[in-house]
Amino acid sequence: MALSLPPGTLSAENQAYFDKCLEKLSFVPNVLVSYAHDDAKLSAFATFYNDLMLAPSGLSKLEREMIAVAVSSVNRCYYCLTAHGAAVRQLSGDPVLGELMVMNYRAAELSVRHRAMLDFAVKLTETPHLIGEADREGLRKAGFGERDIWDVGAVAAFFNMSNRMASAVDMRPNAEYHGQSR
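Quick caveat: nothing in here was measured; it's all calculated off a predicted structure.

Visitor: Hey, could you run me through the pattern of salt bridges in this one?
Guide: Here the idea is simple: oppositely charged side chains can pair when their charged atoms come close. Per the counting criterion, the structure on display carries ten salt bridges. Residue Lys41 is joined to Asp38 by a salt bridge in which the shortest nitrogen-to-oxygen separation is 3.3 Å. For Glu63, the salt bridge is made with Arg113, and the minimal N-O distance between the two is 2.6 Å. With Glu63 in helix α4 (residues 61–75) and Arg113 in helix α7 (residues 112–126), this residue pair connects regions lying 50 residues apart in the sequence. If you follow the salt bridges from partner to partner, you end up with Glu133, Arg136, Glu137, Arg140 and Glu146 in one network.

Here is the structure:
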């Protein structure tokens, strides 16, 4: 990270979260380390991320990761493309899909559902002022319910914010992501 912010004191909850990352991943993702200078901001970020990406939803974990990658591709976010591209490779079992998603999701062979979902997320990223009822109706026709549409928008919006923070502070991905699920 380009900023020299010393790590703050982590709450017991956040220390346990870091310990769980070490146990499950063998590293703490740098995005979490970058927020560790402010325990309250780390808690807010981690709580929102975990709710959007891991909580029950009509969107699969893979679909949420696909949104993260499509949005991050538009924003050219190196951190998120690397980390979430690895997640797409892992969850899909398809390393080619992960790489295509990073470069251009439109080049991938996607279902009608996934194409509609990613087209919506990208339009929300590039031209949010142009989102209208026809866009939401396109998601409905592709099989998304009202709550699913909310979740597509929420995940896309979250990654737009995260991409901007990563760019603002030159957040770099952990080296471990590069070799995962290849």
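Visitor: Mind showing me how you'd approach a nonpolar patch on the surface here?
Guide: Taken together, the side chains of Met1, Leu3 and Leu5 present a nonpolar region at the surface, about 250 Å² in accessible area. Locating Leu3 in the fold gives a position in the segment before α1 (12–25).

Visitor: Please clarify how the side chain of Ser72 should be interpreted in this entry.
Guide: Summarising the element assignment, Ser72 is placed in helix α4. Setting aside its immediate chain neighbours within four residues, Ser72 contacts Cys77, Cys80, Leu81, Phe159 and Asn163.

Conventions and cut-offs
- Residues numbered from 1 in each chain as written.
- Predicted model: local features only at pLDDT ≥ 70, side-chain atom pairs only at ≥ 80, totals over all residues.
- Heavy atoms only, no water.
- Salt bridge = Lys/Arg side-chain N within 4 Å of Asp/Glu carboxyl O.
- Helix = DSSP H or I, 4+ residues; strand = E, 2+ residues; numbered from the N terminus.
- Patch = residues over 30% accessible without salt bridge, like charges linked within 9 Å, V, L, I, M, F, W, Y side chains within 5 Å.
- Areas by Shrake-Rupley, 256 points an atom, 1.4 Å probe, with all protein chains shown as cover.
- Contact = heavy atoms within 4.5 Å.

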